[in-house]
Amino acid sequence: MQTFYERVWGLMKRIPCGRVTTYKELAKALGSKAYRAVGNACHNNPHAPVVPCHRVVNSNGCIGGFASGTKKKIRMLRQEGVQVQNGKIVGFEKVLFKFR
DNA sequence: TATTTGACCAAGA
DNA sequence: ATCTTGGCCAAAT
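In this text the structure is predicted, and so the values were computed from the model without any measurement.

About the cut-offs
Residues numbered from 1 in each chain as written. Chains lettered and ligands numbered in written order. Predicted model: local features only at pLDDT ≥ 70, side-chain atom pairs only at ≥ 80, totals over all residues. Heavy atoms only, no water. Near = heavy atom within 4 Å. Polar contact = N/O pair within 3.5 Å; in protein donor to acceptor, adjacent residues only side chain to side chain. Helix = DSSP H or I, 4+ residues; strand = E, 2+ residues; numbered from the N terminus. Phe/Tyr/Trp six-rings, centres within 6.5 Å; stacked < 30°, edge-to-face > 60°. Buried < 20%, exposed > 50% of the residue type's maximum accessible area, 1.4 Å probe, protein only. Nonpolar A, V, L, I, M, F, W, Y, C, P; charged D, E, K, R; others polar.

### Some points on the protein's contact with DNA strand C
Okay, so step 1: Neighbouring residues of DNA strand C: Thr3, Phe4, Tyr5, Ser32, Lys33, Ala34, Arg36, Ala37 and Asn40.
Okay, so step 2: The separation between a phosphate oxygen of DNA strand C and a polar main-chain atom of phenylalanine 4 is 3.0 Å.
Okay, so step 3: The separation between a base oxygen of DNA strand C and a polar side-chain atom of arginine 36 is 2.7 Å.
Okay, so step 4: Listing elements by their share of the surface near DNA strand C, those giving two or more residues are helix 1 (4-12) and helix 3 (35-43).
Okay, so step 5: With three residues, the single largest contributor to the surface near DNA strand C is helix 3.

Okay, structure coming up:
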């Protein structure tokens, strides 16, 4: 039996490069409204590189938080082709990945 | 078992 | 536009 966190990490792994998703979408994909628990899963993410937690942002298109510093998160996103300006995603709707 | 704590969200004032 | 409030859920304490 997996914990909720493990399910979250499993989903995050399928986020493609150059795309981002939101805590809300992740929770919805799990059939739950545990946005906050998803955030906790990232903060306590023990699978550093395997799980791309930097591709998860707030539902309003803002970067949100990052344990190693928001600045770093932004840099990684830009490196993958996601434009970020003033702490917000540029063309948010275009790069947003939903777990259809 | 009960309370607290978040990398959250949406609606109101 | 900013601030407050209530809701939401899993894990840790």
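### What to know about the packing of aromatic side chains
Okay, so step 1: A complete count under the given rule lists two aromatic pairs for this structure.
Okay, so step 2: Between tyrosine 5 and tryptophan 9 the ring centres are 5.9 Å apart and the planes differ by 65 degrees, which places this aromatic pair in the edge-to-face class. Taken together, the residues tyrosine 5 and tryptophan 9, both in helix 1 and four residues apart, mark about one turn of the helix.
Okay, so step 3: On the accessibility criterion, tyrosine 5 (26% relative accessible area) is partly exposed.
Okay, so step 4: Here tryptophan 9 falls in the buried class, since its relative accessible area comes to 9%.
Okay, so step 5: Each ring, one from phenylalanine 97 and one from phenylalanine 99, has its centre 5.2 Å from the other, and the planes form 75 degrees; the classification is edge-to-face. Each member of the pair, phenylalanine 97 as well as phenylalanine 99, is classed as buried.

### A look at the protein's contact with DNA strand B
Okay, so step 1: Within the structure, DNA strand B sits among 14 residues, and Lys24, Arg36, Asn40, His43 and Ser59 are positioned closest to it.
Okay, so step 2: Sugar and phosphate atoms constitute 42% of the interface atoms of DNA strand B, taking the interface as everything within 4 Å of the protein.
Okay, so step 3: Within the side chain of tyrosine 23, a nitrogen or oxygen atom sits 3.0 Å from a base nitrogen of DNA strand B.
Okay, so step 4: For DNA strand B, a base nitrogen lies 2.5 Å from a polar atom in the side chain of arginine 36.
Okay, so step 5: Broken down by secondary-structure element, the contributors of at least two residues to the surface near DNA strand B are helix 2 (23-29) and helix 3.
Okay, so step 6: The biggest single contributor to the surface near DNA strand B is helix 3, with seven residues.
Okay, so step 7: Here the residues of the surface near DNA strand B are counted per class, giving six nonpolar, six polar and two charged.

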